[in-house]
Amino acid sequence: MAPSADHEGFPDVAPDTTTTVVIVGAGPSGLMLAVNLVRFGINTLILDDRPDKTSTGKADGMQPKTIETFRQLGLAEPLLKNGVKVYDISFWDSSPSHPLRRKGRQLHYPDHLVGASDPYILLAHQGMLEDVLINDLAERGVSVTRNSPFVSVSRDASTGKLHVVYEDRTAKARKVVRADYLVGCDGARSQVRTFIPDAQLEGEMTNASWGVLDGVIETDFPDLWSKVAVRTHTVGSILWIPRERNMTRLYVELSATAGERVDKANATAEYVKARAKEAMKPFNLEWKSIEWFGNYIVGQRVAKHFADPNLQIFIAGDAGHCHSALAAQGANTSMHDSFNLAWKLNLVSRGLARPSLLATYETERRKIANDLIAFDAGHCAAFEAGEAELARNFDENIRFISGVGAEYEEGLLTRGTTVVSSEREDRRLRPGALLTPAKVTRYIDANPVDIQLDIPLLGQFRVYFLLPDVRSATGFLEAVCETLGSESSSICQASVAARSSYTSHPRGVSSGDAYIVPERYTSVSDILSLALVTSSKREEFEVADLPTAMQRSRWTVYLDDSHADGCIGKWMETLDKERTGIVIVRPDGYVGALSEWSVNEGKEAASWVEGYFGFLG
């Protein structure tokens, strides 16, 4: 059926444009989704109701996992150059018996608890982040369709296609796009969400109100360039965040008592400045300039569903979950919603994976959203309780806050997941967790590299063979490669189909991609890259000694010689000369499955790999 919803002033028109995915909303979540889909070669239309991009304020903190994602995309450098890196956090409080004083200081992301390659928060306002993503899209010939709010969507029962209706305010016309998928990245008041049955937000809204100021401050407060959590007995809590261009962001609690409703007349920049000055006595605060002011009411809510029953309409980011801004999770979690969805849409829209793969998006990301809401409620309560409780809350949740501790449960894409009950437990590699960072040496050119970053994001899975002694395991490797490469192999068949698909609908490219040389990583398959990690020395074997598939994968042969705590030891510490390991890593960097094998069990290992990829086809 054709769309029937009328909108005053805009005449009905038939679908005159066709695309694969329509994205509603050009904030961090929508742009992250678009950047990935366009790189994968998926036709994408991005709609945004605003006439222009974000220029100041809004989300400002990139966590270690998000920094890693931007590094994988090759988009981190402008943000690393212009943003501010914050490595530590200090805690201050006052009471009726003592004035404001520092109670403690600690590293924000200690290596023994987090183990991130970038152990800091990167501070840069949302407009800077959006610019990086928008520029990447522009280099690939795609732009945001602005001043174009989403109106409605309907499904044509005869074709299964979606008819997406939006207003083109510039042309003063109502337009309809025929699409396979629609993704709402349109915020907490999402209009797309209303077209997913029973997808309403569930949870609690509070009266807790916070004012947010970005500006240049003159002060004698000594910790201006650290992240600072302040709890006062008179005014409440303040969170200090250093910012780019000599600015500081202050989150200032406006509710004098728990549960108090704040008069909207007090949600002004002047009132927030006055409360901050009172809270920070005896230190002086004066603003030389203010770039942005915002106000928000704390709520912790999650949508009941993230997708419609037909797996064609999805929501991501704030459309699916709302929470406080105190732990800098919003844009980070939102972008990883999109990062999760993008590669799945790519495989299914190309016919390379069954549509059921898309059901894992809701299962996985709703779990993370619920984890986030549970953490956020405790984090807000810890701010109210004071320094000791807040420090404990940071300590217990530090891996989750950083992003590296956000983990998926066992399912179609995570086989044999180990449930972790404490953030302090062993950080060994396990399904459902992110690939642990490690330093290795690339065999072909002797370059030291970060193994989790070295293979570019091309929508592929990665299959790592961990061979402590490559010479004793050559037969194992040959048996696995021979089985997976045989014509009867489902992976081989999927690879043939993928090659045809990417030939007819190639990946979106920019001039910079020539320096990545993608064909180095797609020579065996567009579905997966093969990689070898060995403790053998470089002089002990030649690439020509390896099976043909690994010879063609010569850019992903790595020597585990770069650090005392090597890659194999970090990932699977029980391996030895007679024991090998295989780690399957998803396109989003999460471990899908891992297992150990005797060097005599090559065919069994190949069958295990085949079994994991049962969702292909």
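Source: prediction; values computed, not measured.

## Re the overall build of the protein
Check the secondary structure of the protein and you find 15 helices and 26 strands. Dimensions along the principal axes, computed over C-alpha positions, put the protein at roughly 75 × 65 × 40 Å. When the accessible surface of the protein is summed, it comes to about 24200 Å², and 49% of that surface belongs to carbon and sulfur atoms. Side-chain charges of the protein comprise 66 positive and 81 negative groups, with the mean position of each set lying 3 Å from the other.

## Points about the confidence of the model for the protein
Across the protein, the average pLDDT comes to 91, with 94% of residues at 70 or higher. Overall, residues 1–11 carries pLDDT values under 50, and its contacts beyond four positions in sequence, including any with other chains, amount to 24 contacts. Low confidence marks residues 418–425, where pLDDT is under 50. Its contacts with residues over four positions away, or in another chain, come to eleven contacts.

## Description of the environment of R499
With respect to the helices and strands, the residue R499 is situated in helix α11 (residues 490–504). Residue classification places R499 among the partly exposed residues on the basis of a relative accessible area of 36%. Along the chain, R499 and T19 lie 480 residues apart, while their C-alpha atoms are 22 Å from each other. Excluding residues within four positions of it along the chain, R499 makes contact with T522, S523, S525 and D526. One polar contact links R499 to D526, side chain to side chain, over a distance of 2.7 Å.

## Let's talk about the layout of surface pockets
The volume enclosed by the second largest pocket comes to roughly 910 Å³. Lining the second largest pocket are 38 residues, with Q72, L73, G74, P456 and I516 positioned closest to its centre. Put simply, the parts of the chain that give the lining of the second largest pocket at least two residues each are α2 (64–72), α3 (77–82), α4 (126–139), β21 (448–450), α9 (451–454) and α12 (519–522). Classifying every residue of the lining of the second largest pocket gives 17 nonpolar, seven polar and 14 charged.

## Digging into unusual backbone geometry
Of the consecutive residues K281 and P282, the connecting peptide bond is found in the cis state with omega at 15°. In this fold, P282 is placed in the loop between α5 (269–279) and β17 (285–303). At D198, a residue that is not glycine, the phi angle is positive and equals roughly 55°. We classify D198 as partly exposed; its relative accessible area is 38%. Backbone geometry places A446, a non-glycine residue, at a positive phi of 60°. Within the element layout of this structure, A446 appears in the loop between β20 (439–442) and β21. Given a relative accessible area of 39%, A446 falls into the partly exposed group.

## Here we look at the packing of aromatic side chains
Across all of its chains, the model carries 20 aromatic pairs by this definition. When the centroid spacing of 5.9 Å and the interplanar angle of 80° are considered together, the rings of F314 and Y361 count as edge-to-face. Here Y361 lies in helix α7 (residues 359–385) and F314 lies in strand β18 (residues 313–315), a separation of 47 residues in the sequence. With respect to burial, F314 and Y361 carry one shared label: buried. With a centroid separation of 5.3 Å and an interplanar angle of 80°, the aromatic rings of Y464 and W571 are classed as edge-to-face. Of this pair, Y464 sits in strand β22 (residues 461–467) while W571 sits in helix α14 (residues 567–571), placing them 107 residues apart in sequence. Across this residue pair, the class does not change: Y464 and W571 are buried. Clustering of aromatic rings is evident, with ring pairs tying together W343, F461, Y612, F613 and F615. Over the face of the ring belonging to W555 we find R520, whose NZ or CZ atom lies 3.5 Å from the ring centre. A cation sits over an aromatic face here: R538 above Y443, 5.5 Å from the ring centre.

## A closer look at the sheet that holds strand β10 (residues 162–168)
On the basis of which strands lie adjacent, the open sheet formed by four strands has the order β1-β11-β10-β9 and mixed pairing. A strand with exactly one partner marks an edge of an open sheet, and here the two such strands are β1 (17–18) and β9 (150–155). One ladder, built from five bridges, connects β9 with β10; its direction is antiparallel. Bridged to F150 within β10 is Y166.

## Focus on the sheet that holds strand β5 (residues 84–86)
Whenever strands of a sheet pair, they do so through backbone hydrogen bonds, lying parallel or antiparallel. Strand order in the open sheet formed by three strands is β4-β8-β5, and the pairing between neighbours is antiparallel. The strands lining the two open edges of the sheet, one partner per strand, are β4 (61–62) and β5. Pairing geometry for β4 and strand β8 (residues 121–123), over two bridges, is antiparallel. By the bridge assignment, G61 is partnered in β8 with L123.

Definitions and cut-offs
- Residues numbered from 1 in each chain as written.
- Predicted model: local features only at pLDDT ≥ 70, side-chain atom pairs only at ≥ 80, totals over all residues.
- Heavy atoms only, no water.
- Helix = DSSP H or I, 4+ residues; strand = E, 2+ residues; numbered from the N terminus.
- Areas by Shrake-Rupley, 256 points an atom, 1.4 Å probe, with all protein chains shown as cover.
- Lys, Arg positive; Asp, Glu negative; His and termini not counted.
- Charge placed at Lys NZ, Arg CZ, Asp CG, Glu CD.
- pLDDT = per-residue confidence, 0-100.
- Contact = heavy atoms within 4.5 Å.
- Buried < 20%, exposed > 50% of the residue type's maximum accessible area, 1.4 Å probe, protein only.
- Polar contact = N/O pair within 3.5 Å; in protein donor to acceptor, adjacent residues only side chain to side chain.
- 1 Å grid on protein atoms, 1.4 Å probe; cavity = no way out; pocket = protein on both sides within 12 Å on 5 of 7 lines; lining within 4 Å.
- Points joined across faces, edges and corners; volume = space filled by probe spheres on them.
- Nonpolar A, V, L, I, M, F, W, Y, C, P; charged D, E, K, R; others polar.
- Phe/Tyr/Trp six-rings, centres within 6.5 Å; stacked < 30°, edge-to-face > 60°.
- Lys NZ or Arg CZ within 6 Å of the ring centre and 35° of its normal.
- Pairing = 2+ DSSP bridges.

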